[in-house]
Amino acid sequence: MQWKGVIPALTTAFRDDLSVDHDFVARHAAWLVDNGCSGLVALGSLGEGATLTEAEKLAVLKTLVKAVGQRVPVVAGISSLSTADAVRLAGMAAEHGCRGLMVLPPYVYSTDGREMKTHVAAILRATNLSCMLYNNPIAYKTDFLPAQIAELAAEHANLHAVKESSADIRRVTALRALIADRLQILVGVDDLIVEGIAAGAVGWIAGLVNAFPRESIALFQSAQRGINEETSRLYSWFLPLLRLDTLPKFVQMIKLAQTAVGMGNLRVRPPRLELEGEELRQTQEVIQHALAHRPQ
């Protein structure tokens with residue numbers, strides 16, 4: 001498992017009856033890999049993992065492994081209401097061919113560092129797979145501080161990476177100062193990727209890549225070469241789209257972008273509803289402006 005490069009946080013496609021559209025999931029995954037993505041993360045926030053049953057989650061993993069598992073690693077997002085359910089899913093993800101796990105805090109209940117560390121540690125102990133901790137205090141209200149992440153890394157040899165989504169670029173430099181190269185640091189906020197790479201991040205768990213893989217790969221590689229005129233020009237074009245990933249209805253907005261490029265549909269599972277009214281119009285305006293000025 002190589003925690004580097006552009007790794008999409010996959011959306012989950014649904015049919016008219018809101019069952020999982022496995023045919024499209026496979027086709028979408030292959031398209032992303034064909035365009036240069038170095039892995040795939042399923043069942044996360046963008047994948048509407050909280051709305052999927054355990055059986056549906058396992059079926060999605062099976063579909064992805066069959067579609068691209070020999071080409072790139074498939075990573076399972078591990079989160080649930082209880083620690084026991086998360087531990088069970090972690091074990092079954094390995095059985096279904098996943099090569100890595102993205103370990104999330106539990107849904108709903110989120111409190112002090114002792115409880116959150118115990119939850120994550122139980123998942124790490126339950127698997128031999130390479131693991132990435134997902135730190136997203138904005139969404140999950142659990143904030144793994146750099147010192148706490150360093151402590152987890154010291155105690156668990158299979159913790160190899162962290163997806164840093166605090167939106168604070170100082171976290172990247174703080175982690176590197178504490179643990180050097182012990183963990184690979186991946187940016188989890190779309191509109192912070194250039195700054196994150198400059199600070200030492202080596203990967204991007206990306207959202208808008210679901211609709212714009214070529215541009216995502218180009219931006220990532222350009223930023224790795226250094227912030228220059230090419231990077232600035234591409235980033236300036238991409239930023240209005242990338243900021244959609246930071247808004248409360250990011251799932252609906254990214255699926256709208258996928259639809260605009262012919263790689264998806266608008267369907268989401270309640271409690272989410274499709275965009276409408278002024279919110280829909282504004283999002284369409286951002287996407288259409290980007291498409292009209294799409295770089296060659």
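Scroll up to find the structure this text is about.
Residues numbered from 1 in each chain as written. Predicted model: local features only at pLDDT ≥ 70, side-chain atom pairs only at ≥ 80, totals over all residues. Heavy atoms only, no water.

**Examining the packing of helix H9 (residues 213–225) against helix H10 (residues 229–242)**
Here is the rule we go by: Lines are fitted to the C-alpha atoms to define the axes, a helix being fitted only along its stretch in contact, and any angle between axes, read from their N-to-C directions, falls within 0 to 180 degrees. We count a stretch as a helix when DSSP gives it H or I for four or more residues in a row; a strand needs E for two or more, and each element gets its number in order from the N terminus. When describing relative orientation, an angle under 35 degrees is termed roughly parallel and one over 145 degrees roughly antiparallel, while 65 to 115 degrees is termed roughly perpendicular and anything else oblique. The hand of a helix crossing depends on one turn: near helix anticlockwise from the far one by less than a right angle means left-handed, and clockwise means right-handed. Should any heavy atoms of two residues lie within 4.5 Å, those residues are counted as being in contact.
Taken N-terminus to C-terminus, the directions of H9 and H10 make an angle of 135°; their axes are 10 Å apart at the nearest point. In terms of their interaxial angle, H9 and H10 are classed as oblique. Remark: the crossing between H9 and H10 carries left-handed chirality. Along its contact with H9, which presents Glu215, Ser216, Ala218, Leu219, Ser222, Ala223 and Arg225, the element H10 presents Glu230, Thr231, Leu234, Tyr235, Trp237, Phe238 and Leu242.

**A look at empty space enclosed by the protein**
Stated formally: Both site types are read off a 1 Å grid over the protein atoms alone. A 1.4 Å probe that fits but cannot get out defines a cavity, while an open set with protein on both sides within 12 Å along at least five of seven lines defines a pocket; lining residues have an atom within 4 Å of a point. Grid points are joined across faces, edges and corners, and a volume is the space filled by probe spheres set on the points. Residue polarity is assigned by list, with Asp, Glu, Lys and Arg as charged and Ala, Val, Leu, Ile, Met, Phe, Trp, Tyr, Cys and Pro as nonpolar; anything else, Gly included, falls into the polar class.
This structure, assessed with the given rule, holds four cavities of 30 Å³ or more. Taken as a whole, the largest cavity holds about 50 Å³ of empty space. The wall of the largest cavity is formed by Glu164, Ser166, Ala167, Asp168, Ile169, Val172, Val187, Gly188, Val189, Leu192 and Gly196. Its residues assigned to classes, the lining of the largest cavity shows six nonpolar, three polar and two charged.

**Quick look at the layout of surface pockets**
Regions of empty space are outlined by a rolling probe, equal in size to a water molecule, passed over the atoms. In this structure, the largest pocket occupies an estimated 690 Å³ of space. In terms of lining residues, the largest pocket is bounded by 31 residues, among which Ser45, Tyr134, Asn136, Ala139 and Phe250 are the most central. When residues of the lining of the largest pocket are traced back to their parent elements, those giving at least two are helix H5 (137–140) and strand E8 (203–206). By residue number, the principal contributor to the lining of the largest pocket is H5, which donates three residues.

**As for the sheet that holds strand E6 (residues 159–164)**
This is how the line gets drawn: A strand pair is defined by DSSP finding two or more bridges across the two strands.
In space, the eight strands of this open sheet follow the order E1-E8-E7-E6-E5-E4-E3-E2, with parallel pairing throughout. Two strands bound the open sheet, and with one partner strand each, they are strand E1 (5–8) and strand E2 (40–42). Pairs of neighbouring strands in the sheet enclose a mean axial angle of 25°, with direction left out of account.

**Remarks on the packing of aromatic side chains**
The following threshold applies: The criterion for an aromatic pair is that two Phe, Tyr or Trp rings (for Trp, the six-membered ring) have centres within 6.5 Å, with stacked assigned to planes under 30 degrees apart, edge-to-face to planes over 60 apart and tilted to the rest. Relative accessible area decides the class of each residue, using a 1.4 Å probe on protein chains only: under 20% of the type maximum gives buried, over 50% gives exposed, and in between gives partly exposed. Over a ring means this: the NZ of a Lys or the CZ of an Arg is within 6 Å of the ring centre and within 35 degrees of the ring normal.
Using the criterion set out here, one finds four aromatic pairs in the structure. Relative to Trp237, the ring of Phe212 has its centre 6.0 Å away and its plane inclined at 80°; by these criteria the two rings are edge-to-face. You can see Phe212 sitting in the loop between E8 and H9 and its partner Trp237 sitting in helix H10, a full 25 residues away along the chain. Between the aromatic rings of Trp237 and Phe238, the centroid separation amounts to 5.0 Å while the plane-to-plane angle is 40°, which identifies the pairing as tilted. Each member of the pair Trp237 and Phe238 is classed as buried. Ring-pair connections join several aromatic residues into one group, and the members of that group are Phe212, Trp237 and Phe238. It is Lys163 that lies over the ring of Tyr134; its NZ or CZ is 3.8 Å from the centre.

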